[in-house]
Every structure is written in C-alpha cells, then in structure tokens.
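Chains, contacts and geometry: an overview
Here is what each chain is made of, one letter per residue.
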Amino acid sequence: MEYTDQIDPASYFDSYEDLKVHELMLTDQPRQEAYQKAILCNRALFEGKTVLDVGAGTGILSIFCAQAGASKVYAVEASNLARLARAVVEENQLQAVIEVSECKVEDFQLPEGERVDIIVSEWMGFFLLHEGMLDSVLYARDKFLKPNGLMFPDTATLYVAPCSVPSRFDRWESLSGVSMRCFGRALREQNSGNPEVLTVAPEHLLYDGHIIAWFDLMEVTTEELNSIEVKDVIVASRSGKLQGFCIWFECTFPGDGAEEQLQLSTNPSAPETHWKQTVIPLPEDACEELEERDPVAFSLTMTRNKETNRRYDLQLTLLDAEKEEHHLPCECHMTKCILMKTHLEKMQVEEEQH
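Source: prediction; values computed, not measured.

Check the secondary structure of the chain and you find eight helices and 16 strands. Projected onto its principal axes, the C-alpha coordinates of the chain cover approximately 75 × 65 × 35 Å. In the chain, buried positions account for 47% of the 354 residues. On the chain, roughly 18500 Å² of surface is accessible, and the fraction owed to carbon and sulfur atoms is 48%. Placing the 31 positive and 61 negative side-chain charges of the chain at their respective mean positions leaves the two points 3 Å apart.

Structure representation (structure tokens):
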C-alpha cells in the first residue's frame, strides 16, 4: 500500500522555529534510543495493553508502543502536530491501533469506564522541569491510569555539581592571540543570574553530582513541584576553577528486573542530548580556584514562575563553609572535619575490638 500525504505540510507547524525544534528532538539519538529500548525491550509489559501517550508530538512513541504489541494507543497532542502524527501513523499503517486526538490531555476523554495500563510521555524540559509538561502527565495519571498501571518513565532525578565554565570565562583570555577579557566580562554581566543551556565536558565538573530531588512518578504531586530547595556542603573531588554550577537529570523506566535498569541520562559523561546541561554562571568576584577536598557550601531553589506555570526560576546562593553543617564523616580538609573523622574512626575501631 503506497502512502500519500493529503495534508499541507505547512499546517503541521506553527512556525519554522517549531519545525526545527521537532527536527532537533527527532534527531536526538540518545533520547530516541532510550525510549525505543525501554518500550521494545519490555514487550511483555505492552502486549495487549492500552497505552496513553501524553504530548504525543509526531507520534513516534505511540508507534514504538504499537510495535511492542499494545492493542490500543491513545496519542494526545494539543498542537497542530497532531495532524502530522495522524499522517505518520497512516504512513506506518498503524491507524487500527493508534488513535490521535488533537487536544490538551486535560480536555481528553476516554470511552466511558475505560482506563489505561500504561502512560508514556516525553515530558522533560530544561533542568527537568523548566518548560516541561509534568503537570499534565500527573493529571493524566490521576484521571486515566489503572491502579496497578505503569509510567514510562517512572522516576526522575535532578543533580547539581560545581563546575568550570571555560566557554564563558577562559576563552576570552586570548582569542586568536588577542585579549578579550573586557568583552567576556561584559557578556557575563549581561547574562548575570541567568541560567544557560550549555554542553559541559565531564572533566569540567568539580564533583560527580549531588542529588537535588528524586521523584517517583507514580506518587509525586503537582504541589510537591511548586518549590524545590537544597542546602548543602559538598567536597570537591578534583581541582579546578569554580565558575558555576551545572544541573542535569536522569530518568529511569520500568522493567522486568532481569536486565540493568534502563535510563535516559543528561549527565555530562553521557552522550549529548538536545537538553544538554543547564549552567548557573557565578559572578566574576565569586569565582575561585578549588583544590581537591575543598568544601563548597551553597543553597539552590527552583520555584515556579508566578506568571508562567511551566517555567521555573533558579536562585543560587554561595554560603560560608565554615558556618554550615557538614555531612559526617566529611572528607574536606577543614580542621573540624579532620578531627571529627579521626574521632569517628577511633570509635569504630574500639567497637570492633569489643
């Protein structure tokens, strides 16, 4: 059967920029492979099941679900892209399984008395929540998912680490042999306090990653997402210039437990995704050289923007490591932590001897 598109392609996208965004997502190989593997390697979970794809976009996740054996897939997409999703479904001859609805999931209705076995969604935004659609996914969970249903993904973890940002600082020391420090300073002042989406090299992290928040997507509520705060002291695991803080996320998917847990990671050491990492650059007078085992005290808050519910405001504050409480035992070089660690080790030895 030859597929023929009867729809004007211009009607699929609101703008050229919208087209490029979806092209970027579809060509994000780590993203695509993570979802494809999570779904197709779990055929036993999808076989004969009913699936809801929230924010279906071009419909590719719905198609993965149909390929995995789902008996019915409801693909819900609020934008014009729903028309393209229908065309993609028809192109792949899966219209008997996949039903595309052009509406918000909040306006969507299942047939009376029906609930779904699985909810699939690629809802993540920058630093996980910013410009994401987790609220809509949680609405769908509460209204449409069976009590023993599954979420794909089912957990999400946010990380933060101090880092160097040579692309915003060091590169202007000598540009083609010309000192451009004044330009670099002006650029940083212009962007002061604004998080930036950047690719951070693993070697520029000064710590492996501190967990800001962990979400069980079967349990988390929208109220718990209103404000997230962490206040802590972490110990540098390598030396380097402290020039900012890097934020990334990881999501995991359900499985049968027989294989290693499937995940999608935006860790700087993982293959690059379109999310990259989010960096909060520090003001120039707050930057400093760190040595291994130097303590870094900070607080970080993520709060919903009052005007735009899907956006989050970040607030980072550097604190005095001398005044903040450290984890025990602490590996930093401060005298109080060395003494406490020695004392704890001595107590442990005495306990073992008795």
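Take the pairing of strand 6 (residues 155-163) next. Counting buried positions along strand 6 yields nine of nine residues, so the element is predominantly enclosed. Every second residue of strand 6 is oriented toward a common face, with Thr155, Thr157, Tyr159, Ala161 and Cys163 on one face and Ala156, Leu158, Val160 and Pro162 on the other, all of them buried. Of the strand pairs in this sheet, strand 6 and strand 8 (residues 210-216) are connected by six bridges, and their pairing is antiparallel. Considered in strand 8, the bridge of Val160 is made with His210. Bridge count between strand 6 and strand 11 (residues 244-252): nine bridges; the pairing is antiparallel.

For the chain, the assigned domains read domain 1 (8-152) and domain 2 (155-344). Taking the mean C-alpha position of each, domain 1 and domain 2 sit 31 Å from one another. Summing the contributions of domain 1 and of domain 2, the shared interface buries around 3000 Å²; its carbon and sulfur component is 72%. Summed over the three residues of domain 1 that lose the most area to domain 2, namely Phe127, Leu128 and Leu129, the buried surface amounts to 23% of that side. On the surface where domain 1 and domain 2 come into contact, there are two salt bridges. Across the pair Arg311 and Glu131 runs a salt bridge, and its minimum N-O distance is 3.3 Å. Connecting domain 1 to domain 2 are 11 residue pairs in polar contact (both at pLDDT 80 or more). Residue contributions to the side of domain 1 that touches domain 2 peak at six residues, all from helix 2 (residues 29-40). Looking at side-chain class alone, the side of domain 1 that touches domain 2 contains 19 nonpolar, five polar and seven charged residues.

Residues Leu52, Ile98 and Leu128 are the most contacted members of the largest nonpolar core, which totals 85 residues. Top element by residues in this core is helix 5 (residues 81-91). It accounts for six residues. Domain assignment of the residues forming this core places at least three in each of domain 1 (8-152) and domain 2 (155-344). Ile98 has contacts with Ser62, Ile63, Ala66, Val73, Ala75 and Val89, leaving out every residue within four places of it along the chain. Within the second largest apolar cluster, 11 residues are counted, among which are Phe169, Leu205, Cys246 and Trp248.

Another aspect to go through is the pattern of salt bridges. Throughout the structure, instances matching the rule amount to nine salt bridges. Across the pair Glu122 and Arg31 runs a salt bridge, and its minimum N-O distance is 2.6 Å. On the criterion of sequence distance, the pair formed by Glu122 in the loop between strand 4 (116-120) and helix 6 (134-144) and Arg31 in helix 2 is long-range, its members being 91 residues apart. Given the relative accessible area of 12%, Glu122 is considered buried. Across the salt bridge formed by Glu99 and Lys72, the nearest N and O atoms sit 3.2 Å from each other. Of this pair, Glu99 sits in strand 3 (residues 98-102) while Lys72 sits in strand 2 (residues 72-77), placing them 27 residues apart in sequence. Given a relative accessible area of 35%, Glu99 falls into the partly exposed group.

For the rest of this paragraph, the subject is the sheet that holds strand 2. With respect to topology, five strands assemble into an open sheet ordered 3-2-1-4-5, the strand pairing being parallel. Since the sheet does not close on itself, it has two edges, and those belong to strand 3 and strand 5 (145-152), each with one partner. Each neighbouring strand pair of the sheet contributes to a mean axis angle of 20 degrees, computed without reference to strand direction. Pairing analysis gives four bridges linking strand 4 to strand 5, with the strands arranged parallel. Across the sheet, residue Ile118 finds its bridge partner in strand 5, namely Leu150. Across the sheet, helix 4 (residues 60-67) is in contact with strand 1 (50-54), strand 2, strand 3 and strand 4; its angle to strand 2 comes to roughly 175 degrees. Sheet strands in contact with helix 6 are strand 1, strand 4 and strand 5, and its direction is about 150 degrees off that of strand 5.

Reading the values: the criteria
Residues numbered from 1 in each chain as written. Predicted model: local features only at pLDDT ≥ 70, side-chain atom pairs only at ≥ 80, totals over all residues. Heavy atoms only, no water. Helix = DSSP H or I, 4+ residues; strand = E, 2+ residues; numbered from the N terminus. Buried < 20%, exposed > 50% of the residue type's maximum accessible area, 1.4 Å probe, protein only. Areas by Shrake-Rupley, 256 points an atom, 1.4 Å probe, with all protein chains shown as cover. Lys, Arg positive; Asp, Glu negative; His and termini not counted. Charge placed at Lys NZ, Arg CZ, Asp CG, Glu CD. Pairing = 2+ DSSP bridges. Domains from an automatic or database assignment. Buried area = accessible area lost by both parts, 1.4 Å probe. Salt bridge = Lys/Arg side-chain N within 4 Å of Asp/Glu carboxyl O. Polar contact = N/O pair within 3.5 Å; in protein donor to acceptor, adjacent residues only side chain to side chain. Nonpolar A, V, L, I, M, F, W, Y, C, P; charged D, E, K, R; others polar. Core = buried A, V, L, I, M, F, W, Y, C linked by side-chain atoms within 4.5 Å. Contact = heavy atoms within 4.5 Å. Axes fitted to C-alpha atoms, helices over the stretch in contact; angles between N-to-C directions.

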